[in-house]
Amino acid sequence: MDQIIEFLASKTLAEMAADPRVLFGTAVVFVLAVLFRWKYVLLFLFAIGATMTVLRYTGGGGTAETVVDRNMMLFIGGTIVIAVVLIYFVFIRD
């Protein structure tokens, strides 16, 4: 247990997202969630994965003001899409 806590404390979020052990664990949880039809676990995995994708896609760029504005618009648009999908699956669709 101490090794797990040390691993989580020593890594950044981007490093953990690229770590093979974390990816394997996420894949196992995803397969179990699909097999057992755990809707909220799937939505949580979608939210985390989509947010990481939006952050990674908008993170790279230059220092020019137009690039920052473009990346901010992509981040806002991606976050809104994620929120709409989550609201639809949690509250609207049964």
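Up top is the structure.
Since this is a predicted model, take the numbers as computed values, not measurements.

What counts and what doesn't
- Residues numbered from 1 in each chain as written.
- Predicted model: local features only at pLDDT ≥ 70, side-chain atom pairs only at ≥ 80, totals over all residues.
- Heavy atoms only, no water.
- Helix = DSSP H or I, 4+ residues; strand = E, 2+ residues; numbered from the N terminus.
- Contact = heavy atoms within 4.5 Å.
- Areas by Shrake-Rupley, 256 points an atom, 1.4 Å probe, with all protein chains shown as cover.
- Phe/Tyr/Trp six-rings, centres within 6.5 Å; stacked < 30°, edge-to-face > 60°.
- Buried < 20%, exposed > 50% of the residue type's maximum accessible area, 1.4 Å probe, protein only.
- Lys NZ or Arg CZ within 6 Å of the ring centre and 35° of its normal.
- Salt bridge = Lys/Arg side-chain N within 4 Å of Asp/Glu carboxyl O.
- Polar contact = N/O pair within 3.5 Å; in protein donor to acceptor, adjacent residues only side chain to side chain.

## Some words on the overall build of the chain
Helix and strand content of the chain: 5 helices and 0 strands. Traced from its N-terminal end to its C-terminal end, the chain shows the element sequence α-α-α-α-α. Put simply, 41% of the contacts in the chain that link residues at least 6 apart link residues at least 24 apart. As presented, the chain carries roughly 7,500 Å² of accessible surface, and 72% of it is formed by carbon and sulfur atoms.

## Some details on unusual backbone geometry
Here Arg-37, not a glycine, exhibits a phi torsion of approximately 55 degrees, which is positive. Within the element layout of this structure, Arg-37 appears in the loop between α3 (20-36) and α4 (39-59).

## Brief notes about the packing of aromatic side chains
Taken as a whole and assessed by the stated rule, the structure comprises 2 aromatic pairs. An angle of 75 degrees between the planes, with centres 5.2 Å apart, marks the rings of Tyr-88 and Phe-89 as edge-to-face. Its relative accessible area of 38% is what places Tyr-88 among the partly exposed residues. Taking relative accessible area as the criterion, Phe-89 reaches 28% and is therefore assigned partly exposed. Its guanidinium or amino end placed over the ring of Phe-7, Arg-21 lies 4.7 Å from that ring's centre, counting from NZ or CZ.

## Details of the pattern of salt bridges
For the coordinates displayed, the defined rule picks out 1 salt bridge. Of the charged contacts, one joins Arg-21 and Asp-19 as a salt bridge, the two residues approaching to 3.3 Å between their closest N and O atoms. With a relative accessible area of 58%, Arg-21 lands in the exposed category. A relative accessible area of 8% places Asp-19 in the buried class.

## Focus: the side chain of Asp-19
In this structure, Asp-19 sits in the loop between α2 (13-18) and α3. Side-chain polar atoms of Asp-19 contact the backbone nitrogen of Arg-21, separated by 2.9 Å. Discounting residues that sit within four places of it in the chain, Asp-19 has contacts with Phe-7 and Lys-11.

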